Amino acid sequence: MLHLELHDVSKNFGGNLAVDNVTLTVDGPQLIGMIGPNGAGKTTLANLMSGMLNPSRGTISLNGRSINGRPAYEVARAGLGRTFQVTRALRRMTVLENMLVPAWARYPNDSKAQIEERAREVLDFLTMSHLAQEYGRALSGGQQKLLELARLLMLDPNIIILDEPFAGVHPRLQQTIYAYIDRVYKDGKAVLLISHDMDAVFELSQRLLVLNFGALIADGEPEAVRSDPAVIEAYLGEDDEEDAAQASGADNANGAGGADR
């Protein structure tokens, strides 16, 4: 079963409304992109969906069961996994050991031999076998991104949230991440890709979500969303439709940079 539903979800940090009354549904295997200007609330929304934060208002359910107030590890065990904008490799453990940790948490009755075999298959797929005995602290930023993907594969979630997976990644490693996304989608999973890399988002996504000031202002096919006046205005602050459309073309070509909240 693969069903995630958010209904009127909001999140306040004091007087700051980071997520504003968001309602959306993920039902079945999908490739979904999420974009928005800097500080739009994308990472905050990912934290809410993955149990890292609790909503101030509204409900979030996974496969028909509320996950409001449930800790992140329970959400992960229920089938939703995510990566982080800032990677979180266990620096004093090897790559292989990093991968065994989530696998033992998810499949405590499996033998060490079974889990290690699965880990080495994942490392082969991500072209990381040569790094199996390297410590987390020795990895480059791009290699740490791949390690986070590897740990997700060990958890085998049905819904995967990738928060800025291409940031600071060499183009060759980016192609490996593309292959990862394609593989897990074909395995019947849903992928939510949060990225400022517009080329990647439009190439990979079948559906596109746009946040602005914490509110979901667009949800639909990427080409339709690209030409939505509200989306153009959110990114460019243009009131003149013709000028905004011309600027949007330049923006799509160059991408949008910066860190989200």
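See the structure shown above.
First, a word on what this report is: a plain description of the structure on this page. (Residues numbered from 1 in each chain as written. Predicted model: local features only at pLDDT ≥ 70, side-chain atom pairs only at ≥ 80, totals over all residues. Heavy atoms only, no water.)

Here's the deal with helix 4 (residues 112-125)
Link 1 in the chain: Here helix 4 is 14 residues long and its end C-alpha atoms lie 20 Å apart, about the 20 Å a rise of 1.5 Å per residue gives.
Link 2 in the chain: Here helix 4 has its buried residues at Ile115, Ala119, Val122 and Leu123. Buried residues of helix 4, viewed axially, fall in a sector of 100°; they line one side. Facing away from the buried side of helix 4 by over 90 degrees, the exposed positions are Ala113 and Asp124.
Link 3 in the chain: Turning to helix 4, the residues buried within the fold contact helix 3 (95-106) and helix 5 (141-155).
Link 4 in the chain: Where helix 4 terminates, the next one or two residues include threonine 127, which has phi positive at roughly 55°. (Helix = DSSP H or I, 4+ residues; strand = E, 2+ residues; numbered from the N terminus. Expected span 1.5 Å × (residues − 1). Buried < 20%, exposed > 50% of the residue type's maximum accessible area, 1.4 Å probe, protein only. Arc of directions from axis to C-beta. Contact = heavy atoms within 4.5 Å.)

A few points about the pairing of strand 7 (residues 159-163)
Link 1 in the chain: Burial runs high along strand 7: five of the five residues are buried.
Link 2 in the chain: In strand 7, alternate side chains face the same way, and those of Ile159, Ile161 and Asp163 on one face and Ile160 and Leu162 on the other are all buried.
Link 3 in the chain: Of the pairings in the sheet, the one linking strand 6 (residues 80-82) to strand 7 comprises three bridges and is parallel in character. Within the sheet, the bridge partner assigned to leucine 80 lies in strand 7 and is isoleucine 159.
Link 4 in the chain: In terms of strand pairing, strand 7 meets strand 8 (residues 190-194) through five bridges, oriented parallel. If you follow isoleucine 159 over to strand 8, its bridge partner there is alanine 190. (Pairing = 2+ DSSP bridges.)

Describing the packing of helix 4 against helix 5
Link 1 in the chain: One can describe the packing of helix 4 onto helix 5 by two numbers: an axis separation of 10 Å at closest approach and a directional angle of 135°. What the angle tells us is that helix 4 and helix 5 run oblique. Once helix 4 is placed against helix 5, the crossing between them reads as right-handed. Counted together, Ile115, Arg118, Ala119, Val122 and Phe125 of helix 4 and Ala150, Leu153 and Met154 of helix 5 form the full contact between these two elements. (Axes fitted to C-alpha atoms, helices over the stretch in contact; angles between N-to-C directions. Parallel < 35°, antiparallel > 145°, perpendicular 65-115°, else oblique. Left-handed = near helix turned anticlockwise from the far one by under 90°.)

Regarding the sheet that holds strand 6
Link 1 in the chain: Within the open sheet, the six strands sit side by side as 6-7-8-3-9-10. Their pairing is mixed. Whereas interior strands pair on both sides, the edge strands pair on one side only; in this sheet they are strand 6 and strand 10 (215-220). Each adjacent strand pair in this sheet contributes to an overall mean axis angle of 20°, direction not counted.
Link 2 in the chain: Two strands pair when backbone bridges link them, and strand 9 (residues 207-212) and strand 10 are joined in this way by five bridges, in the antiparallel orientation.

As for the sheet that holds strand 2 (residues 16-27)
Link 1 in the chain: Ordered by their spatial adjacency, four strands build an open sheet running 2-1-4-5, and the pairing between neighbours is antiparallel. Each edge of the open sheet carries a strand with a single partner, namely strand 2 and strand 5 (65-66).
Link 2 in the chain: Relative to strand 2, strand 1 (residues 3-13) runs antiparallel, the two sharing eight bridges. When the bridges of strand 2 are listed, phenylalanine 13 appears paired with asparagine 16.
Link 3 in the chain: Sitting on the sheet, helix 1 (residues 42-49) touches strand 1, strand 2 and strand 4 (57-62), and the angle it makes with strand 1 is about 120°.

Observations regarding the packing of aromatic side chains
Link 1 in the chain: Per the counting criterion, the structure on display carries one aromatic pair.
Link 2 in the chain: A cation sits over an aromatic face here: arginine 137 above tyrosine 135, 4.9 Å from the ring centre.
Link 3 in the chain: In this structure, arginine 226 is placed above the aromatic ring of phenylalanine 202, and the distance from its NZ or CZ to the ring centre is 3.9 Å. (Phe/Tyr/Trp six-rings, centres within 6.5 Å; stacked < 30°, edge-to-face > 60°. Lys NZ or Arg CZ within 6 Å of the ring centre and 35° of its normal.)

Observations regarding the pairing of strand 8
For a regular strand, side-chain orientation follows a simple rule: the groups alternate between the two sheet faces.
Link 1 in the chain: Burial analysis of strand 8 places five of its five residues in the buried class, which makes it a mostly covered element.
Link 2 in the chain: Where strand 3 (residues 31-35) and strand 8 come together, four bridges link them in parallel fashion. Directly across from leucine 31, in strand 8, lies its bridge partner valine 191.
Link 3 in the chain: Assessed by its sense of winding, the connection that carries the chain from strand 7 through helix 6 (residues 171-186) to strand 8 is right-handed. (Right-handed = clockwise from strand over helix to strand, strands pointing away.)

Side note on the pattern of salt bridges
Link 1 in the chain: In total, this model carries 10 salt bridges according to the counting rule given.
Link 2 in the chain: Lysine 189 is the salt-bridge partner of aspartate 156, the closest N and O atoms lying 2.8 Å from each other. Taken together, the residues aspartate 156 in the loop between helix 5 and strand 7 and lysine 189 in the loop between helix 6 and strand 8 connect sequence positions 33 residues apart.
Link 3 in the chain: On the basis of relative accessibility, which here comes to 37%, the residue aspartate 156 falls in the partly exposed class.
Link 4 in the chain: When its relative accessible area of 8% is taken as the criterion, lysine 189 is described as buried.
Link 5 in the chain: For lysine 186, the salt bridge identified is with aspartate 182, shortest N-O distance 3.1 Å. With lysine 186 and aspartate 182 both in helix 6, this residue pair falls four residues apart, about one helical turn. (Salt bridge = Lys/Arg side-chain N within 4 Å of Asp/Glu carboxyl O.)

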